[in-house]
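Single-letter residue listing:
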Amino acid sequence: MINSTVAEISAALAAGDISSVEITQAYLDRIATLNGELNAFITVCEDSALLAAKAADEARANGLDSPLLGIPLAHKDIFCTKDILTTCGSRMLHDFVSPYNATVVERFNDAGTVLLGKTNMDEFAMGSSNETSFFGDVKNPWNTEYVPGGSSGGSAAAVAADLCAMATGTDTGGSIRQPAAFCGVTGMKPSYGRVSRWGMIAFASSLDQAGPLAKSAEDAALMLNVMSGLDKKDSTSIDRPVEDFTASLNQPLKGIRIGVPKQHFAEGLSREVEQAVSAALTEYEKLGAIIKEVDLTNSHLSVSAYYVVAPAEASANLSRYDGVRYGYRCEDPVNLEDMYKRTRSEGFGEEVKRRIMIGTYALSAGFYEAYYRKAQKIRRLIKDDFDRAFTEVDVIIGPTSPHTAFKLGSKSDPVSMYLEDIYTIAVNLAGLPAASIPVGIANGLPMGMQIIGKYFDEAKILNVAHQFQQHTDWHKQKSPAITAANGES
Amino acid sequence: MEWETVIGLEVHVSLSTKSKLFSGSSTKFGAQPNTQASIFDCALPGTLPVFNEEALRMAVRFGVAIGAEIGKRSVFDRKNYFYPDLPKGYQVTQLDFPTVGKGALTVTLADGREKVIGVTRAHIEENAGKSLHEEFSGMSGIDLNRAGEPLLEIVSEPEITCAEEAVAYLKKLHTIIRYLDISDAIMAQGSMRCDVNVSIRPKGATELGTRAEIKNINSFRFVEKAIHSEVARQQEILEDGGRIIQETRRYNADKDETSSMRSKEVANDYRYFPEPDLLPVVIDDEYIAAVTAQLPELPDARKARFIEDYSLSNYDAGVLVSSRELAEYYEIVATSSGDSKLAANWVSQDLLGLLNKNNWEIADSPIQAERLATLIARIKDNTISGKIAKTVFESMISDESDVDAIIESKGLKQVTDSGEIEKLVLEVIEKNPAQVQQYKDGKEQVIGFLVGQCMQLSKGKANPAQVNELLREKMQ
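These numbers were taken from a predicted model, which means no experiment stands behind them. (Residues numbered from 1 in each chain as written. Chains lettered and ligands numbered in written order. Predicted model: local features only at pLDDT ≥ 70, side-chain atom pairs only at ≥ 80, totals over all residues.)

## A closer look at the overall build of chain A
Phase 1 of the analysis: Within chain A one finds 16 helices and 11 strands.
Phase 2 of the analysis: The C-alpha atoms of chain A give 21 Å as radius of gyration, which agrees with the globular expectation for 489 residues (23 Å, within 12%).
Phase 3 of the analysis: When burial is assessed residue by residue, chain A has 61% of its 489 residues classed as buried.
Phase 4 of the analysis: Within chain A, residue pairs in contact and separated by at least 24 positions form 76% of the contacts whose partners lie at least 6 positions apart. (Helix = DSSP H or I, 4+ residues; strand = E, 2+ residues; numbered from the N terminus. Rg over C-alpha atoms; globule rule 2.2 N^0.38 Å. Buried ≥ 20, exposed ≤ 12 C-beta atoms within 10 Å, placed from the backbone. Contact = placed C-beta atoms within 7 Å.)

Dropping the structure here:
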């Protein structure tokens with residue numbers, strides 16, 4: 001049952017075919033078998049998970065029923081979890097135990113989910129390969145010589161390898177969508193403001209957004225139903241009624257207008273990804289969709305603008321890690337300056353330090369106008385491009401990543417790593433919702449397709465994703481290694 | 001060479017909101033260290049600010065009170081620097097879009113001259129915590145109770161030309177803030193602090209000289225002294241052919257001198273940028289109108305009304321409105337006693353004298369307004385003389401009983417029985433034949449001496465007007 005979707009497990013739990021304790025134990029066993037190799041989890045909460053599963057079963061016995069009751073999940077280790085280690089993939093927080101729960105965690109708890117553990121990630125969500133984690137690389141379940149993508153690589157790998165039924169992630173420049181593409185799962189970054197950021201450790205506040213990583217669009221919709229909604233503790237969360245995202249999944253796509261940005265099919269896109277996405281567009285046409293080319297004129301500026309705005313915000317967000325109140329502190333500081341310097345030099349990894357430096361530089365006196373201000377202007381232009389496109393189309397579809405997962409250790413140049421997010425970053429800059437769903441397999445590795453929607457139009461994206469998944473089975477494909485470990489043929 | 005001084009003041013006022021600027025922690029003064037520090041105040045990972053709108057209301061209240069432009073869209077910024085009592089590693093403040101824009105204060109100087117001093121802006125920001133270096137050997141203690149408390153930083157134009165004007169500006173600011181009830185503004189407790197920017201230039205020059213900033217001065221008197229000493233220091237340097245360095249200095253009251261705090265080499269680049277965790281604060285005309293409608297009567301308006309309604313002198317009215325509590329006290333005394341001028345004298349001289357001597361606030365006064373009004377009423381109805389009233393006033397400090405009871409029990413009631421007074425008068429005439437003769441010879445002023453003798457004889461209780469009248473009658 002561990003390879004089933006949330007919707008299927010939920011039905012089995014409701015029918016009494018399986019208990020939450022049983023399915024939880026099955027995932028825990030699976031983690032015990034595979035996590036050593038995949039390194040998807042930083043923390044596994046065996047005891048508390050079984051207790052929560054027992055409580056869920058009791059609640060069900062007492063007549064309670066809700067779609068996620070008793071469903072085992074994993075949280076990215078960026079979400080604060082009360083009394084459970086929250087490391088953010090960093091030495092800086094390697095021993096940090098949060099005294100409070102993130103709103104996302106709280107909402108899943110209230111829905112009766114079972115927390116299996118905390119997933120590995122790039123340090124402070126800075127990375128596209130999960131190689132910057134203090135807790136070691138995560139391996140791609142499809143081929144352990146390859147990266148799972150990042151920064152929510154642990155969550156994507158855990159879902160792909162059936163270590164959990166579903167997982168949370170966060171996406172600042174592509175950190176849900178790109179690992180979803182690399183691991184062959186469904187991931188979604190909601191509109192900025194849709195999901196509360198309270199308790200989600202900040203990387204770049206104006207871009208960060210939490211979202212689901214799941215085995216299907218339907219599962220993502222079920223998760224989003226729980227995660228979304230106004231939170232007074234996050235001033236940037238938006239007061240909009242939360243619809244039932246599963247309600248419009250089955251809407252027919254006849255007449256829907258799909259925009260295809262020519263900039264996303266230009267130089268740099270691998271042949272196999274192009275072919276896979278094109279095939280998907282053909283499938284959509286069969287379903288009655290109208291395909292139109294759209295022009296995202298300024299999309300070539302998105303990576304540059306992002307690597308000013310995100311590091312600038314990060315440089316301030318990460319100032320609190322100073323060794324004074326919690327987290328890592330260097331040994332025997334001789335004075336305050338020594339404590340600051342060594343704590344931060346030793347506590348942060350290379351990529352985090354690089355981005356703090358970039359951000360600090362971009363905000364420095366004399367450079368602010370040339371970098372930060374200009375980047376904000378570009379952000380505006382990028383948003384205008386989308387607004388214009390969305391007057392003509394309902395959703396925009398393209399590749400999530402230019403290629404399939406790359407080999408661990410193969411990208412040593414930071415800029416080539418930054419270019420990994422070339423198709424995903426603009427969406428964050430514009431604050432829009434977007435999903436990545438599996439669209440094919442090449443060289444034994446999955447590929448992802450990105451579906452971008454209008455602001456707060458997650459339901460439409462999920463509808464478009466779900467319809468594709470009703471007519472294709474790319475999302476059901478498993479790595480042969482995983483299938484073997486499942487004991488299936 | 002003749003020099004002129006240019007001063008600009010930056011005043012930090014702690015807004016008296018119940019909770020902090022961005023968290024629900026209490027702002028109560030004097031709690032045990034770190035008992036008023038929430039997870040946000042400690043800058044735990046993942047925590048976010050939520051703006052306390054009470055701080056906005058208070059800032060706007062101040063803005064409309066000084067006739068300032070109100071920012072309809074104020075934006076918070078992060079000011080980045082590392083210090084252990086700054087938990088987030090940045091202070092949230094307002095850089096380009098403050099809540100309060102240009103306004104002005106009118107101050108009255110000792111010679112009666114009025115001067116308008118411009119306020120450049122006033123912005124909302126959060127306070128830092130406190131570092132305690134003394135109590136922990138080899139370490140520093142951090143108390144975050146104060147971290148995140150709301151401050152209003154009020155920046156003046158560099159239009160202040162001497163220490164007296166600076167103090168007058170500060171006192172006026174203090175008065176207005178207290179009237180508005182937006183802060184305790186107690187300098188000794190740090191709820192009002194002042195940074196002074198001082199520069200000097202040759203008289204008549206148009207360009208400003210290089211300024212020094214004297215940080216964190218915590219009394220009006222020290223502001224005055226610090227300016228004097230800093231001006232003297234700068235003058236001496238310039239006259240010796242030296243140059244002033246732009247720097248931050250501190251004032252040492254014991255030595256009465258300023259000294260350098262940090263040099264330019266370590267000057268911070270604060271790398272301001274808009275705070276992405278908060279939305280811009282947008283208000284409309286309706287909001288401003290509502291705050292304006294709730295403004296109390298302000299000191300200038302109250303002063304004009306006191307002059308008009310109570311026939312007070314400009315000076316007396318100025319003294320009486322200098323604090324809201326004093327003005328309210330006076331108004332009770334004036335209306336209840338029925339003599340606004342007598343009330344003004346008693347409040348501004350006797351009462352204030354008593355309070356100042358004991359370092360009391362109005363609220364600490366052992367003589368409440370109603371009691372003082374009764375005392376004045378007893379002078380008016382001739383129960384006691386003005387002189388006896390001073391004795392009663394003294395008794396009232398320690399004796400809480402009713403004013404009439406004090407007069408009665410001490411036998412201080414004025415003698416108005418004409419028979420009694422006639423006895424006194426006759427006795428004095430008999431004992432002072434020489435003076436009586438002088439009076440009869442036309443030396444009118446001798447009457448004063450004779451009245452005095454009668455009063456002495458009555459131990460001050462005789463009604464002086466009656467004595468005067470009867471003396472004249474008997475000496476005809």
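Here the narrative resumes, following the displayed structure.
## Considering the overall build of chain B
Phase 1 of the analysis: Scanning chain B from N- to C-terminus turns up 15 helices and 15 strands.
Phase 2 of the analysis: A globule of 476 residues ought to have a C-alpha radius of gyration of about 23 Å, yet chain B, at 30 Å, is considerably larger.
Phase 3 of the analysis: Taking the principal axes of its C-alpha atoms as reference, chain B extends roughly 95 × 55 × 55 Å.
Phase 4 of the analysis: Taken across its 476 residues, chain B has 40% of its residues classed as buried.
Phase 5 of the analysis: Across chain B, the fraction of contacts at a sequence separation of at least 24, relative to all contacts at a separation of at least 6, is 68%.

## What about the pairing of strand β9 (residues 395-399) of chain A?
For a regular strand, side-chain orientation follows a simple rule: the groups alternate between the two sheet faces.
Residue and element names in this part refer to chain A.
Phase 1 of the analysis: Judged by how many residues are buried, β9 sits mostly within the fold: five of five residues are covered.
Phase 2 of the analysis: Two strands pair when backbone bridges link them, and strand β7 (residues 257-261) and β9 are joined in this way by two bridges, in the parallel orientation. By the bridge assignment, I258 is partnered in β9 with V395.
Phase 3 of the analysis: Bridge analysis of β9 against strand β11 (residues 445-453) gives five bridges, and the strand direction is antiparallel. Counterpart to I396 in the pairing with β11 is I452. (Pairing = 2+ DSSP bridges.)

## Some details on the sheet that holds strand β6 (residues 209-214) of chain A
All names here are of chain A.
Phase 1 of the analysis: If you trace the 11 strands from one edge of the open sheet to the other, you get β1-β3-β2-β4-β6-β5-β10-β11-β9-β7-β8, paired in mixed fashion. Each edge of the open sheet carries a strand with a single partner, namely β1 (41-44) and β8 (290-294). Pairwise comparison of adjacent strand axes, ignoring direction, gives a mean angle of 30 degrees for this sheet.
Phase 2 of the analysis: Sitting on the sheet, helix α2 (residues 20-38) is in contact with β1, β2 (72-76) and β3 (114-119), with an inclination near 20 degrees to β3. (Axes fitted to C-alpha atoms, helices over the stretch in contact; angles between N-to-C directions.)

## Some words on the interface of chain B and chain A
Phase 1 of the analysis: Taken together, the 25 residues of chain B in the interface contact 33 residues of chain A.
Phase 2 of the analysis: For the side of chain B that touches chain A, the residue count by class is 17 nonpolar, three polar and five charged. (Nonpolar A, V, L, I, M, F, W, Y, C, P; charged D, E, K, R; others polar.)

## Re the pairing of strand β10 (residues 434-442) of chain A
Residues and elements named next belong to chain A.
Phase 1 of the analysis: Counted residue by residue, β10 has seven buried out of nine residues, so it is predominantly covered.
Phase 2 of the analysis: The pairing of strand β5 (residues 186-189) with β10 spans three bridges and is antiparallel. Residue pairing across strands places K189 opposite A434, the latter belonging to β10.
Phase 3 of the analysis: Where β10 meets β11, eight bridges bridge the pair, whose relative direction is antiparallel. Note on β11: the bridge partner recorded for G440 is M447.

## Re the packing of helix α8 (residues 340-358) of chain B against helix α9 (residues 369-380) of chain B
Residues and elements named next belong to chain B.
Phase 1 of the analysis: Where α8 meets α9, the closest approach of the two axes is 11 Å, and the angle between their N-to-C directions is 125 degrees. The angle between the axes of α8 and α9 places the two elements in the oblique class. Of the two possible hands of crossing, α8 and α9 adopt the one that is right-handed. On α9, the residues touching L342, A343, W346 and L351 of α8 are L372, I376 and I379.
Phase 2 of the analysis: In terms of residue class, the contact of α8 with α9 is built from seven nonpolar, no polar and no charged. (Parallel < 35°, antiparallel > 145°, perpendicular 65-115°, else oblique. Left-handed = near helix turned anticlockwise from the far one by under 90°.)

## Details of the sheet that holds strand β4 (residues 90-93) of chain B
Backbone hydrogen bonds are what pair the strands of a sheet, in a parallel or an antiparallel way.
Residue and element names in this part refer to chain B.
Phase 1 of the analysis: Read across the sheet, three strands follow the order β4-β3-β14 without closing on themselves; strand pairing throughout is antiparallel. The open sheet is flanked by β4 and β14 (273-274), the only strands paired with a single partner.
Phase 2 of the analysis: Both strand β3 (residues 77-80) and β14 contribute to a ladder of two bridges, which runs antiparallel. For D77, the partnering residue across the bridge sits in β14 and is P274.

## Looking at unusual backbone geometry
Residues and elements named next belong to chain A.
Phase 1 of the analysis: Of note, the bond from G150 into S151 is cis; its omega dihedral lies within 30 degrees of zero at 10 degrees.
Phase 2 of the analysis: Positionally, S151 belongs in the loop between β3 and α5 (153-160).
Phase 3 of the analysis: For F456, which is not a glycine, the phi torsion comes out positive at approximately 65 degrees.
Phase 4 of the analysis: Checked against the element boundaries, F456 lands in the loop between β11 and α15 (458-471).
Phase 5 of the analysis: Look at F456 and you get partly exposed, because 19 C-beta atoms sit within 10 Å.

## Quick word on the nonpolar core
Phase 1 of the analysis: Membership of the largest hydrophobic core comes to 154 residues, with the highest contact counts inside it found for L73, L116, A158, V159, C164, M166 and I451 of chain A.
Phase 2 of the analysis: At nine residues, helix α9 (residues 302-317) of chain A tops the list of elements feeding residues into this core.
Phase 3 of the analysis: If we skip the residues at most four places from it in the chain, I451 of chain A touches V395, I397, A434, A435, I437, I461, V464 and A465 of chain A.
Phase 4 of the analysis: Core analysis: the second largest hydrophobic core is formed by 60 residues, A185, A212, I217 and Y251 of chain B among them. (Core = buried A, V, L, I, M, F, W, Y, C linked by C-beta atoms within 7 Å.)

## A short note on the confidence of the model for chain B
Phase 1 of the analysis: For chain B, per-residue confidence averages 92 on the pLDDT scale, and residues scoring 70 or more make up 99% of the total.
Phase 2 of the analysis: Predicted complex metrics record ipTM = 0.96 and pTM = 0.91. (pLDDT = per-residue confidence, 0-100.)

## A short note on the domain arrangement of chain B
Interfaces are often sized by the amount of accessible area the parts lose when they come together.
Residue and element names in this part refer to chain B.
Phase 1 of the analysis: Domain annotation for chain B reports domain 1 (3-289), domain 2 (297-409) and domain 3 (418-474).
Phase 2 of the analysis: Tallying the contact residues gives four residues for domain 2 and four residues for domain 3.
Phase 3 of the analysis: Looking at the side of domain 2 that touches domain 3 residue by residue, the classes come out as one nonpolar, two polar and one charged. (Domains from an automatic or database assignment.)

## Brief notes about helix α14 (residues 446-457) of chain B
Residues and elements named next belong to chain B.
Phase 1 of the analysis: For α14, built from 12 residues, the straight-helix expectation of 16 Å at 1.5 Å per residue is met to within 8% by its first-to-last C-alpha distance of 17 Å.
Phase 2 of the analysis: Among the residues of α14, V446, L450, V451, Q453 and C454 are the ones counted as buried. Angularly, the buried residues of α14 cover 155 degrees about the axis, an arc narrow enough to put them on a single face. When the buried face of α14 is taken as reference, the exposed residues oriented beyond 90 degrees from it are G448 and Q456.
Phase 3 of the analysis: Of the residues flanking the end of α14, it is K459, one or two places downstream, whose phi is positive at about 55 degrees. (Expected span 1.5 Å × (residues − 1). Arc of directions from axis to C-beta.)

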